[in-house]
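Read off the chains here:
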Amino acid sequence: MTYGLASWSSFFDFLEAEVFHASITSRHSFIWRGQRRSDWSISSSLDRLFQRLNLVAAGAEVLERHSQEHLRSFIYAARGRRGPNPASLLENEWWALGQHFGLATPLLDWTRSPFAAAYFAFEEIGPEPTEHRIVCGLDQRAVKWRSDQLLEERSFEKGRPPVIEFVDPLSDENQRLVSQSGLFTRAPIGVPVEEWVRREFSGSPYPVLLRVKIPNVDRLGCLRTLNRMNINHLSLFPDLAGASRSTNLRLELEP
């Protein structure tokens, strides 16, 4: 479901009416993602890479094979670069580690905070902005219920089952994830989240995916408000990169 807001200040009223109300929180549990352009699909960086390489038409089985080869290459390249006595990692933990350092992965970043998601939507100026930025909310409870249902209904002998998996790694190698109240989703390879939701929840009376469009002209007002709430690069990225980006952005917010 798409909501078009008249201004950034309407975001607070929207959350109170459509997300935080007691009658809604008892049924839904939303996680959030901000995107700079309203016309972008909710797709992983690896899916976008496959699109640029014109590999999507090859089909899910071929894409999954490329995905596994890509991960093996990263694991091999990471040897000796994780410090002394590194912990062993499961597959999704390797993907999460790679995501943290810029690897194209099948994971998508989400946060439990709609305000952190709004920050990520508005933080970059970006070339050729669309008229609106977008904050997406995904009902984690509903998606997990449907994914569990699919696993019970069918037998999957080859490849990954066509479900959306939630990845919440316990590894200590990603401080940003903790600061951002972050987690990941892993959708079927080559399938945008909105496409999966549209297919699996066709006819549902409840919104499972929210798309909140906020006018791009409100960018600086949004960032100033979030900065007063201590939502900025300094709090979300507890490292020197965050300190640098926060200092640069200060020139825009405090001319």
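Chemist: So what's going on with empty space enclosed by the protein? Which residues, and what values?
Modeler: Across all of its chains, the model carries 3 cavities of 30 Å³ or more by this definition. One number sums up the size of the largest cavity: a volume of about 70 Å³. Lining the largest cavity, in full, are Ser43, Ser44, Asp47, Pro106, Leu107, Leu108, Thr185, Ala187, Pro188, Ile189, Val191 and Val193. Of the residues assigned to the lining of the largest cavity, the class counts are 8 nonpolar, 3 polar and 1 charged.

Chemist: Just give me the short version of the side chain of threonine 105, but keep the residues and values in it.
Modeler: By the secondary structure assignment, threonine 105 is in the loop between helix H5 (91-100) and strand S3 (107-111). Among the polar contacts listed, one links the side chain of threonine 105 to the side chain of glutamine 99, at a separation of 2.5 Å.

Chemist: Kindly report on unusual backbone geometry, identifying the contributing residues and their values.
Modeler: Not every positive phi belongs to a glycine, and asparagine 54 is a case in point at roughly 60 degrees. Examined against the element boundaries, asparagine 54 turns out to sit in the loop between helix H3 (45-52) and helix H4 (60-77). Despite not being glycine, asparagine 85 shows a phi value in the positive range, around 50 degrees. Turning to its location among the elements, asparagine 85 is positioned in the loop between H4 and H5.

Chemist: Tell me about the packing of aromatic side chains, and please be specific about residues and values.
Modeler: If you walk through the whole model with that rule in mind, you get 11 aromatic pairs. Plain terms: the ring middles of tryptophan 8 and phenylalanine 122 are 6.5 Å apart, the flat faces sit at 65 degrees to each other, and that makes the pair edge-to-face. You can see tryptophan 8 sitting in the loop between strand S1 (2-4) and helix H1 (10-18) and its partner phenylalanine 122 sitting in helix H6 (residues 114-122), a full 114 residues away along the chain. Ring centres of phenylalanine 30 and tryptophan 32 lie 5.8 Å apart, and the angle between their planes is 40 degrees; this geometry places the pair in the tilted category. Classification of phenylalanine 30 by relative accessible area gives buried; the value is 12%. With a relative accessible area of 2%, tryptophan 32 lands in the buried category. Taken together, Tyr3, Trp8, Phe11, Phe12, Phe14, Phe115 and Phe122 form an aromatic cluster joined through their ring pairs. Above the ring of tyrosine 76, the side-chain terminus of arginine 79 is found at 3.8 Å from the ring centroid.

Here is what the cut-offs are and how they apply
- Residues numbered from 1 in each chain as written.
- Predicted model: local features only at pLDDT ≥ 70, side-chain atom pairs only at ≥ 80, totals over all residues.
- Heavy atoms only, no water.
- 1 Å grid on protein atoms, 1.4 Å probe; cavity = no way out; pocket = protein on both sides within 12 Å on 5 of 7 lines; lining within 4 Å.
- Points joined across faces, edges and corners; volume = space filled by probe spheres on them.
- Nonpolar A, V, L, I, M, F, W, Y, C, P; charged D, E, K, R; others polar.
- Helix = DSSP H or I, 4+ residues; strand = E, 2+ residues; numbered from the N terminus.
- Polar contact = N/O pair within 3.5 Å; in protein donor to acceptor, adjacent residues only side chain to side chain.
- Phe/Tyr/Trp six-rings, centres within 6.5 Å; stacked < 30°, edge-to-face > 60°.
- Buried < 20%, exposed > 50% of the residue type's maximum accessible area, 1.4 Å probe, protein only.
- Lys NZ or Arg CZ within 6 Å of the ring centre and 35° of its normal.

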